[in-house]
Amino acid sequence: MENPSRPIFLWILFGLSVNIALAALSVRPSDTVSVVGTETYFDCASTIKNQSIEWYHYPIGTSEQKLVYGHNRFHLPYLGRFHLKVYNMTGAYRSNLLITDVTEGDAGVYECQDDGGLGNKSQAQLTVLHSEPLCSSNMTSGEVIVGVNNCGFTPEAVKFSCSVKYTGKTPPTLEWIRVGQNAPLADGVAFNRTSDTVTADLTLEGVSSTDGQSFTCRAAKTSTSTEFFSCSSGVVSIWHATNKFSLTEKKLNESVNCEEENSVHRSLCSYEWTKSDSKGEAVVSTEPAMRPDSLGLYRCTINCTVKRQPCSINRMMVNVVDPGSMNGFLLQTTTQTYEASYKSAFIVVLILFIILIILIVGLGAAVFICRKKKRQYRNANSLMMGENNEKKGEIQKLQNELEEERRKYNKLKSNDAMEGPGFDGMLAKAQAQWAREREVLLKRLEDLKKGPVGVEYLAKPKLRGIIKTAASSSENKSIKGVALFNNELYIISQKESKVEVYDSTSLQLCRTWQQEELTCPEDACACIRNRCLYISENKQHVKEILRIDPNGKIINKWQTGNEVCRLSVSSDATVVAVVHDNSKLMEYSADGNHIRTHDLSLVNIEHPMHALKLRTGNYLIIHGYLEDTIHRMCEMDVGSNRIAKSFGREKGRGDDQLSNPSCLAVDREGSVMVADATNGRIVLLGSNFEFKRKIVTKEDGINIPTRILLDEFNRTLYVGDYKSNDRVLYAFEIE
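Residues numbered from 1 in each chain as written. Predicted model: local features only at pLDDT ≥ 70, side-chain atom pairs only at ≥ 80, totals over all residues. Heavy atoms only, no water.

## A word on the overall build of the protein
Regarding its fold elements, the protein presents 7 helices and 50 strands. The buried share among the 735 residues of the protein stands at 45%. Contacts spanning at least 24 positions in sequence make up 54% of the contacts within the protein whose residues lie at least 6 apart. (Helix = DSSP H or I, 4+ residues; strand = E, 2+ residues; numbered from the N terminus. Buried < 20%, exposed > 50% of the residue type's maximum accessible area, 1.4 Å probe, protein only. Contact = heavy atoms within 4.5 Å.)

## Observations regarding the pairing of strand β36 (residues 564–569)
For β36, a buried count of 5 out of 6 residues is recorded, marking the element as mostly surrounded by other parts of the structure. Note: β36 against strand β37 (residues 575–579), 4 bridges, orientation antiparallel. Among the inter-strand pairings, Leu-567 is bridged to a residue of β37, identified as Ala-577. Counted along the chain from β36 to the antiparallel partner β37, the turn is 5 residues long, and its residue Ala-573 has a positive phi close to 70°. (Pairing = 2+ DSSP bridges.)

## Structural notes on the sheet that holds strand β42 (residues 630–637)
Spatially, the 4 strands line up as an open sheet ordered β40-β41-β42-β43, and their pairing is antiparallel. Single-partner strands in this sheet number two, and they are β40 (608–613) and β43 (642–650). Pairs of neighbouring strands in the sheet enclose a mean axial angle of 15°, with direction left out of account. In this sheet, β42 lies alongside strand β41 (residues 619–623) in antiparallel orientation, the contact comprising 5 bridges. (Axes fitted to C-alpha atoms, helices over the stretch in contact; angles between N-to-C directions.)

## A word on the state of the cysteines
Taken as a whole and judged by the stated rule, the model has 2 disulfides. Sulfur-sulfur distance for the disulfide between Cys-44 and Cys-112 comes to 2.1 Å. Its torsion about the S-S bond being 60°, the disulfide of Cys-44 and Cys-112 is classed as right-handed. One end of the pair, Cys-44, is in strand β3 (residues 40–46); the other, Cys-112, is in strand β9 (residues 108–114), and 68 residues separate them in sequence. Cys-162 shares a disulfide with Cys-217; S-S distance 2.2 Å. Classification of the bridge connecting Cys-162 and Cys-217 rests on its S-S torsion, roughly -80°, and on that basis the disulfide is left-handed. Linking Cys-162 in strand β14 (residues 158–165) with Cys-217 in strand β18 (residues 214–220), this pair joins segments that are 55 residues apart in sequence. The same class applies to Cys-162 and to Cys-217, which are both buried. (Disulfide = S-S within 2.5 Å.)

## Concerning the side chain of Glu-111
As for its placement among the helices and strands, Glu-111 is situated in strand β9. Buried and without a salt bridge, Glu-111 has Lys-121 as its closest oppositely charged side chain, separated by 4.6 Å. A polar contact of 2.8 Å, which involves the side chain of Glu-111, links it to the side chain of Gln-123. Excluding residues within four positions of it along the chain, Glu-111 makes contact with Glu-54, Trp-55, Tyr-56, Tyr-58, Gln-65, Lys-121, Ser-122 and Gln-123. (Lys, Arg positive; Asp, Glu negative; His and termini not counted. Salt bridge = Lys/Arg side-chain N within 4 Å of Asp/Glu carboxyl O. Polar contact = N/O pair within 3.5 Å; in protein donor to acceptor, adjacent residues only side chain to side chain.)

## Comments concerning the environment of Phe-82
Along the chain, Phe-82 turns up in strand β7 (residues 82–89). Judged by relative accessible area, Phe-82 falls into the buried class, the value being 4%. For the pair formed by Phe-82 and Tyr-41, sequence separation is 41 residues and the distance between their alpha carbons is 9.4 Å. Those residues in contact with Phe-82 that lie beyond four places of it in its chain are Val-68, Phe-74, Leu-97, Leu-98, Ile-99, Asp-106 and Tyr-110.

## Topic: the sheet that holds strand β27 (residues 462–467)
Across a sheet, paired strands are connected by hydrogen bonds in the backbone, their directions being either parallel or antiparallel. Taken together, the 4 strands give an open sheet; going across it, the order is β27-β50-β49-β48, and neighbouring strands pair in antiparallel fashion. Looking along the sheet, the strands with just one partner apiece sit at the ends: β27 and β48 (705–711). If you compare each strand with its neighbour and ignore which way they point, the axes differ by 20° on average. With 5 bridges joining them, β27 and strand β50 (residues 729–733) adopt antiparallel strand pairing. Of the residues in β50, the one forming a bridge with Leu-463 is Phe-732.

## What to know about the pattern of salt bridges
Under the counting rule described, the total for this entry stands at 26 salt bridges. For Glu-650, the salt bridge goes to Arg-649, with nearest N and O atoms at 3.4 Å. Judged by relative accessible area, Glu-650 falls into the partly exposed class, the value being 39%. A single salt-bridge network, built from bridges that share partners, covers Lys-480, Glu-522, Asp-523, Arg-566 and Arg-707.

## A closer look at unusual backbone geometry
Backbone geometry at Lys-495 places phi at a positive 50°, although glycine is not the residue there. Mapped onto the secondary structure, Lys-495 falls in the loop between β29 (488–493) and β30 (498–503). In this structure Lys-495 comes out as exposed when scored by relative accessible area, which is 57%.

## A few points about the pairing of strand β32 (residues 521–527)
For β32, the buried fraction is high: 7 of the 7 residues fall into the buried class. Relative to strand β33 (residues 532–538), β32 runs antiparallel, the two sharing 6 bridges. When the bridges of β33 are listed, Ala-524 appears paired with Ile-535. Counted between consecutive antiparallel strands, the loop separating β32 from β33 contains 4 residues, among which Arg-531 sits at a positive phi close to 50°.

## Thoughts on the nonpolar core
Among the nonpolar cores identified, the biggest contains 25 residues, and Leu-585, Ile-621, Met-633, Leu-664 and Val-674 are the most heavily contacted of them. Of all elements in the fold, only β37, β40, β41, β42, β45 (672–676) and β46 (681–685) reach the threshold of two or more residues within this core. Considering every element that reaches this core, the biggest residue donor is β41, with 4 residues. If we skip the residues at most four places from it in the chain, Leu-585 touches Val-576, Ala-577, Val-578, Arg-596, Thr-597, His-598, Leu-600, Ala-611, Tyr-619 and Ile-621. The next biggest cluster of nonpolar side chains, apart from the first, holds 21 residues, and it includes Leu-25, Ile-53, Phe-74 and Ile-99. (Core = buried A, V, L, I, M, F, W, Y, C linked by side-chain atoms within 4.5 Å.)

## Regarding the packing of aromatic side chains
A full pass over the atoms with the stated rule returns 6 aromatic pairs. Each ring, one from Phe-42 and one from Trp-55, has its centre 6.4 Å from the other, and the planes form 40°; the classification is tilted. Pair noted here: Phe-42 is in strand β3 and Trp-55 is in strand β4 (residues 53–59), with a separation of 13 residues, a long-range link. Classification of Phe-42 as buried rests on a relative accessible area of 1%. Seen from their ring centres, Tyr-490 and Trp-513 are 6.3 Å apart, and the 65° between their planes marks the pair as edge-to-face. Of this pair, Tyr-490 sits in strand β29 while Trp-513 sits in strand β31 (residues 509–514), and the two are 23 residues apart along the sequence. Pair check on accessibility: Tyr-490 and Trp-513 agree, each one buried. An aromatic cluster is built from Phe-42, Trp-55 and Tyr-110, whose rings are joined through pairwise contacts. Positioned over the ring face of Tyr-722 is Arg-727, at 4.0 Å from the centre of the ring. (Phe/Tyr/Trp six-rings, centres within 6.5 Å; stacked < 30°, edge-to-face > 60°. Lys NZ or Arg CZ within 6 Å of the ring centre and 35° of its normal.)

Written out as structure tokens, the structure reads:
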């Protein structure tokens, strides 16, 4: 007889087996990282519908299991910030555990399992971090008056404060550093801490005229992080004026600005212009800038008060002359005899000067004929036949300059109306200066009559100094552009909006400013004629050229439509830009009006890096990049649109080869310097592109020269180097 309960038992056992086989977690929680004060969640799902899921917490540093949620309720201390969302899905039961306002105590392991232990368990790690500190105050620039003229005094201490807010038990590291240095400052820094704020006060005692520095307050991103970010920054501005007397000459109605010519704290000083003529001396203006409407001698006096101590500084003396008259002189008087004697003396000097020129030309012609040098004979013949108009114009310009120097010298020497303190010393300095200028002009005139004379470069360059920019010091950014204007070097860096200005003689930092329009600057150059700088900017969607004044004020800007590589300014003040990727050369007027575009690929020039416009109208171009076959320098004849001559061939290290040429410079005699980047050298070529020698090499300290700038006045070659860990600007004395 069969047991009637057996089918029922088997059916129950079968059902249980099916239940056990299906019990599993279809979705398992994942490890996550959360910041204090934010929210996070874990996700878990069971394959059994309507099956309850329990959550357990294992805090960090303990193996103790704490029940978070079970049997449809939360357990202390998990009320309030812990939330559970459950819902049935087709063939599954899902449970999301949400934690709001995360704290440090929430860190640890979270485990989910189906109710009754019939399914699998799964764990996930929650890591809790501090939030990044929040700057709660900004540092402002501090101004220190060091001294004006002889009114020196001990300045007060300068104090800056920087605060950040933070969350968590441990505050982040907060420190002050001097820009250009990485070590935190220890002296003069005081800290103060509350439950959610840490403050660092920086006090500078005994500030002097050399302490114009930039300081940065930086904070660690978390309490344990070694990664810092700048919280605030600022500059200690030093104002220091000295009694420097200068003499300049202006024309009628030409603007003159005493404030621009001298660095004086405007808020402490007032200005007074006085005019001296045959009628005496009188005040004509109390503003720093004016336009003189009559001839005479003008003096700018700056009256300053520092610590209630008055100081008077004679900063400038301006001689106003008549531009339409060759007989104008320093002061208007009623003495006609002086004017007549001046005319007679001028005529005598002019006759002697003409005789001197004739003797020089005759001597030069005799030397040319005796030596039978073809090039010198051609120059002399062109001079006599009037064929070389450019050289004749240059000779005439030098003659005019020499005549002008003689005229100023004789006027100042014989003028009895100019008297006053400091004038005798000024006259002696002016006499010595003009004597030197006459010697320079006569020497240049003699060299011009003799024909081209090569510049004598040193056999081995002398290192004058090294400039390491703030961008290179802090982030190892390379130098993108170097421009020289008014004895100052303007340097832009890779992906940097800050412009740094250095003295070209001392190589010391003068000032900096943020040029907000710059994001990805590529190159910079200066125009002496228009007193401005040009900077190429290659933003992602905007490719443009900026024209700014020497203080960063935008004059105008224009879009190029292409990513410009290098810039240069021609002798007629046009802007020449090359497009590396599309092999184009574009020329613009000083105001950004498009003049012409040359497709360089038509003359087999690929990937141009730099171009200069010669006085002949032709272009000097270097090209060749990475795996290009040809790396060379060439002169493009714009009339025939062909290559007139070239130097270089396949990429290589030979004396007649280049490898990734990056920049050009031309000296006053037409010799060319090429930055041969990959070969680590500066190559000197003659005016006919003949190889002369390597003027700077790796033995002199350079590695990968990418920028060069020739300063003939200071006999200096500046070389921007692209070393992997030390990107600097070298200054070599080469002449």
